[in-house]
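Chains, contacts and geometry: an overview
Listed here are the chains, written in short residue letters.
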Amino acid sequence: MADRTHHTLGALATLVDGEVEGDPTVGIAGIAGITDAGAGDITFVAQRKYLRALKTSQASAVILDRSLPADRPAIRVAQPYQAFATLLTFFHPRPQLQPGIHTSVALGQRVRLGQDVTLFPFVTLGDDVSIGDRVVLHPGVCVGVGSSIEADTVLYANVTLYDRVAVGRRVIIHAGAVLGADGFGYAQGSDGRHHKIPQVGGVRVEDDVEIGANVCIDRATLGETLIRRGSKIDNLVHVAHNVEVGEDNLLLAQVGISGSCRLGAHVTLAGQVGLRDHVQIGDHATVIAQSGIAQDVQSRTVMSGTPAIPHNLWRRVQAATPRLPELLRTVAALEERLATLEARQIGVERE
Amino acid sequence: MADRTHHTLGALATLVDGEVEGDPTVGIAGIAGITDAGAGDITFVAQRKYLRALKTSQASAVILDRSLPADRPAIRVAQPYQAFATLLTFFHPRPQLQPGIHTSVALGQRVRLGQDVTLFPFVTLGDDVSIGDRVVLHPGVCVGVGSSIEADTVLYANVTLYDRVAVGRRVIIHAGAVLGADGFGYAQGSDGRHHKIPQVGGVRVEDDVEIGANVCIDRATLGETLIRRGSKIDNLVHVAHNVEVGEDNLLLAQVGISGSCRLGAHVTLAGQVGLRDHVQIGDHATVIAQSGIAQDVQSRTVMSGTPAIPHNLWRRVQAATPRLPELLRTVAALEERLATLEARQIGVERE
Amino acid sequence: MADRTHHTLGALATLVDGEVEGDPTVGIAGIAGITDAGAGDITFVAQRKYLRALKTSQASAVILDRSLPADRPAIRVAQPYQAFATLLTFFHPRPQLQPGIHTSVALGQRVRLGQDVTLFPFVTLGDDVSIGDRVVLHPGVCVGVGSSIEADTVLYANVTLYDRVAVGRRVIIHAGAVLGADGFGYAQGSDGRHHKIPQVGGVRVEDDVEIGANVCIDRATLGETLIRRGSKIDNLVHVAHNVEVGEDNLLLAQVGISGSCRLGAHVTLAGQVGLRDHVQIGDHATVIAQSGIAQDVQSRTVMSGTPAIPHNLWRRVQAATPRLPELLRTVAALEERLATLEARQIGVERE
């Protein structure tokens, strides 16, 4: 630790707009999770259940909200996770890139490049592409004809944008993602063969969206597939043609959204959820992992299962399901006892 | 709209081999879906259920089959979807590519290139690769040693073909797809470790296949993994080693097919379906979304669930399932009432 | 077959450390599966159930373990699959690569390259990258700043390693895989928006791991995401931040592992399995395809379903489930009969 730069707890509190509880001169040299933290590290507790783990933590200080007790020097903030994020960046700054255009980059005609753009090796920009200020395109990125990328957006290696894909500001697209491939649309001929329906629409991604690695977002048949401001999409998600994802959604890994679905704002789809085509999901709705949604989901509901039902009901059903084999036996036994009783009853009545 | 070129309804009808109903001189400048269409647009109705939406549509004309009533000038055709596809291409022609080979392209030895090939920047062709006439390879495509691509096929950006992958005519492979990676085959040693079984077979894709973005089709252990003519594969699908996909299949997004499965013709696997290894699926069979198939599926059946059962039965089961907690209570109550009755019965008989 | 080189059965037995049963001079020119094998081929039988298929096989010889009867010249070995693997490589040797660095390769500063490295066209190595002896990087591979790849590892085309990813010896990473993208971590602000938590940790892949095509392994928030020695990961698998995959795991295609899960040694997750965050899986545990794991799994157990239950119980439940609609009717009928009986009973007692 001798080689780590120390910052006072007070200085860090100022960075995150928090208040120090305890000694503000404590020296902090790093940041770590509760169990990994050592002497000289600051850690954070966002929920009451982690207080026990804090007790045995080696951390020299802790970030907490105002409701939790501190057992060591602390920074009190309203949003511990955000303060944690700020200090992560403070202790682990991303290396500054030197803007510039590698000599290998292949530029089409009429390409517009903003200020301080970084184009890594083997980037291809098609005709009429527009690149905003401070955009970073990592190696192997391909941007199709007529596509545009606004300021401060980063595309990691081997991302593909097809023609006429529009990406907003401060968007992050991770490696291998594909935006604008043809939607899956065919007309079945009388010969039983599938004839391609041209997909002539586009894709639009609004500001502050993040898109995971190897995600696929298809272009619309007509019109556009739309990802609204602030939504976050995890790895290997599939978004079909003409889908509209609302603002501030969380789409977890391997989610699949079929054509023409419309998601409201603040929707959460947990991992491996699937949506049938043309489904509408209300604002603030949540769908539990691996569920299959075949019908519209109301706002602020939580759904589970395939086909999905309200989560509370689903939990009771799942708790009951393992008892089904036993239930079959019970009912068979009941039936037999009842038959016996009925036979006797007839006997009694005959007497 | 003043700047849009207008075509008469009669001229468009000729293009799609249809008959005009109403005024053939109506001017049409664009094509759109029912709800998006404005004045000057033509739209289409393929199914009766969309007639209601048509009533409030601004479209100036509509494409219909012969069974549905028209409330405005119409083109009557046998296959509305196909007519729609034709007019989409008419109103939104893909820009013509200028064939040519970018100076950055890396060519191996003994590469054969057909007429009018388009090789975008940063394409790599290994030794003994064969490329047919009018093939288009987008930026970053990599074609391994001894692979072949026949005429009129398009590979989008960053597609990877490993060694000895054979792709037919008029095939479309979307960005990021990987054909020919090693199948997942290991032998467990007595030490519990997994020892790789070399995957020395190939992959063959027949004519008129379309493969979605980031799809993975593994090479065979021996022999070949085969995708037959006309099948369409959506994004993020996994096809394992030695699988045979029949003609005119539809494999929806995120489907996973394990090793050595054989699919007949006209099979449809809906989104996120999984197939166990060595399963056979009969012609014209359909598997509903998210189902898991562990046994062979007969021709022309529809299967659902994990493990899958006939779809009609599955629907009844799913309708019954939420009643399971209540059923448990009902049966417990029945049991009690029956015990009471039995006790009394014994009393009665004793009297 | 005239143009195939023949090897005696005795020579092949020596290669795989086996014993010949029958004529050691039989000539063998190739290797194939039981049903595909022709005259001159050797095949193998690893399990008793394939003996019937062997009877009608055209193979000239067979590899068997010591417990199974041979109906033709045979090589007896302890591990037929491993012997099969050895002979596959013998009959289908991978073409020898000529090491070297393509002129198009983009090298950062302070890159260290080992002996006999093969760098294909359009490879990018960031600053401070370290590449071990005999490493092969196929076209379009991108290795981020400060990453390292140890000896004898192969990365296929268009693989992306972000910054500070460490890959061990004899690792195979298939095309399109992405290691080190940011984990999916956000803090929700009081405005309901999702604020990115910087992901400043790394990824480490130990020796002898194989990673499938288009797999995504995210970097840790802090610390590292870890894939231990000898694990094999199939196509399109998602491994979230801070996950630890133990030694000798098999993760089948399209598996999704949420953040901070810990898997023991010799774990098998079948296709499309999903794990909730922070779940621990014990050594030698197996999870059946499409299951969803929301709680810890004990060592040497087999789990199925969503939420998962012990596999044996799950099988009984699944067998019972299709009888649920009938059960509802049965119970309704029982209820009616019981009510009748109760009414009569009251009648009897009144008499």
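Residues numbered from 1 in each chain as written. Chains lettered and ligands numbered in written order. Predicted model: local features only at pLDDT ≥ 70, side-chain atom pairs only at ≥ 80, totals over all residues.

A separate point is the overall build of chain A. Per the secondary structure count, chain A includes 5 helices and 40 strands. Over its C-alpha trace chain A gives a radius of gyration of 28 Å, far above what one expects of a compact globule, namely 20 Å for 351 residues. In terms of overall dimensions, chain A has a C-alpha envelope of 105 × 75 × 30 Å along the principal axes. Looking at chain A as a whole, 53% of its 351 residues are labelled buried. Of all intrachain contacts in chain A linking residues separated by at least 6 positions in sequence, the fraction that spans at least 24 positions is 20%. (Helix = DSSP H or I, 4+ residues; strand = E, 2+ residues; numbered from the N terminus. Rg over C-alpha atoms; globule rule 2.2 N^0.38 Å. Buried ≥ 20, exposed ≤ 12 C-beta atoms within 10 Å, placed from the backbone. Contact = placed C-beta atoms within 7 Å.)

Bringing the sheet that holds strand β39 (residues 302-304) of chain A into the picture now. The mixed open sheet is built from 12 strands, whose spatial order is β8-β11-β14-β17-β20-β25-β28-β31-β34-β37-β39-β40 (chain A). Strand pairing shows two members of the sheet lacking a second neighbour, β8 (100-101) and β40 (309-310) of chain A, which therefore form its edges. (Pairing = 2+ DSSP bridges.)

Let us now look at the relation of the copies chain B and chain C. Of the transformation placing chain B onto chain C, the axial shift is 0.0 Å and the rotation is 120°, giving an RMSD of 0.1 Å. Interpreted geometrically, this transformation is the action of a three-fold axis. (Least-squares fit on C-alpha atoms with pLDDT ≥ 70 in both.)

With 57 residues of chain B at the contact, the number on the chain C side is 59 residues. Those elements that provide at least two residues to the side of chain B that touches chain C are β21 (178-181), β22 (186-188), β23 (194-196), α4 (311-320) and α5 (324-350) of chain B. Here the element with the most residues in the side of chain B that touches chain C is α5 of chain B; it accounts for 9 residues. Looking at the side of chain B that touches chain C residue by residue, the classes come out as 27 nonpolar, 22 polar and 8 charged. (Nonpolar A, V, L, I, M, F, W, Y, C, P; charged D, E, K, R; others polar.)

This part covers the interface of chain A and chain B. Contact with chain A, which involves 56 residues of that partner, is made by 59 residues of chain B. The greatest single-element share of the side of chain A that touches chain B, amounting to 9 residues, is contributed by helix α5 (residues 324-350) of chain A. Tallied by class, the residues present in the side of chain A that touches chain B amount to 27 nonpolar, 21 polar and 8 charged.

Side-chain positions along a regular strand alternate between the two faces of the sheet. Residue and element names in this part refer to chain B. Neither face of strand β6 (residues 61-64) is left uncovered, since the one carrying A61 and I63 and the one carrying V62 and L64 both have all their residues buried. Across 4 bridges, strand β5 (residues 41-45) lies against β6 in parallel orientation. Among the inter-strand pairings, I42 is bridged to a residue of β6, identified as A61. When β6 meets strand β7 (residues 74-76), the two strands line up parallel, connected through 3 bridges. Looking at β7, one finds that L64 is bridged to R76.

Let's shift gears to the pairing of strand β27 (residues 224-227) of chain C. Residue and element names in this part refer to chain C. Pairing geometry for strand β24 (residues 202-205) and β27, over 4 bridges, is parallel. Considered in β27, the bridge of G202 is made with E224. By the bridge criterion, 2 bridges tie β27 to strand β30 (residues 244-245) in an arrangement that is parallel. Residue pairing for β30: I227 is matched across the bridge by V245.

With that settled, consider helix α3 (residues 80-91) of chain B. With 12 residues, α3 of chain B should cover 16 Å at 1.5 Å per step; its first-to-last C-alpha distance of 16 Å lies within 8% of that length. Among all positions of α3 of chain B, only P80, Y81, Q82, A83, F84, A85, T86, L87, L88 and F91 of chain B are buried. (Expected span 1.5 Å × (residues − 1).)

Per the domain assignment, the segments of chain A are domain 1 (7-91), domain 2 (100-311) and domain 3 (312-351). On a C-alpha basis, the centroid separation for the pair domain 1 of chain A and domain 2 of chain A is 37 Å. (Domains from an automatic or database assignment.)

The next thing to look at is the sheet that holds strand β11 (residues 118-119) of chain B. Residues and elements named next belong to chain B. Strand order in this open sheet of 12 strands is β8-β11-β14-β17-β20-β25-β28-β31-β34-β37-β39-β40, and the pairing throughout is mixed. The open sheet has two edge strands, β8 (100-101) and β40 (309-310), and neither has a second partner. Sheet topology note: the strand β17 (residues 154-155)/strand β20 (residues 172-173) ladder contains 2 bridges and is parallel. Bridging across to β20, L155 finds its partner in I173.

Backbone torsion omega between T306 of chain B and P307 of chain B reads -5°, so that peptide bond is classified as cis. Of note, P307 of chain B is situated in the loop between β39 (302-304) and β40. Phi at R110 of chain C takes a positive value of approximately 60°, unusual for a residue other than glycine. As for its position among the elements, R110 of chain C is in the loop between β9 (106-107) and β10 (112-113). Judged by local crowding, R110 of chain C falls into the exposed class, with 11 C-beta atoms found within 10 Å.

For the rest of this paragraph, the subject is the confidence of the model for chain A. Considering every residue of chain A, the mean pLDDT works out to 94; 98% of them sit at 70 or more. With a pTM of 0.95, the predicted complex shows an ipTM of 0.93. (pLDDT = per-residue confidence, 0-100.)

Before going further, it helps to spend a moment on the nonpolar core. Formed by 210 residues in total, the largest nonpolar core has its most connected members in V287 of chain A, V287 of chain B together with V287 of chain C. When near neighbours in sequence (up to four residues on either side) are disregarded, V287 of chain B contacts L269, A270, V273, I293, V297, M303 and A308 of chain B. (Core = buried A, V, L, I, M, F, W, Y, C linked by C-beta atoms within 7 Å.)

Moving on: the environment of P307 of chain A. Look at P307 of chain A and you get buried, because 20 C-beta atoms sit within 10 Å. Expressed as a C-alpha distance, the spacing of P307 of chain A and A294 of chain A, which sit 13 residues apart in the sequence, is 6.5 Å. Aside from chain neighbours lying at most four places away, what touches P307 of chain A is G292 and A294 of chain A together with Q318 of chain B.

A separate point is the environment of P139 of chain A. In this fold, P139 of chain A is placed in the loop between β14 (136-137) and β15 (142-143). Each C-alpha atom, one on P139 of chain A and one on I288 of chain A, is 36 Å from the other, the two residues being 149 residues apart in sequence. Residue contacts for P139 of chain A: discarding those within four places in its chain leaves F120, P121, F122 and A157 of chain A together with T124 and C142 of chain C.

Bringing the environment of V203 of chain B into the picture now. Residue and element names in this part refer to chain B. Tracing the backbone through its elements, the reader meets V203 in strand β24 (residues 202-205). In the structure, V203 is positioned 39 residues away from N242 in sequence and 8.6 Å away in space, judged by C-alpha atoms. Ignoring sequence-local partners within four residues, the contact set of V203 consists of V165, L179, G180, I217, R219, E224 and T225.

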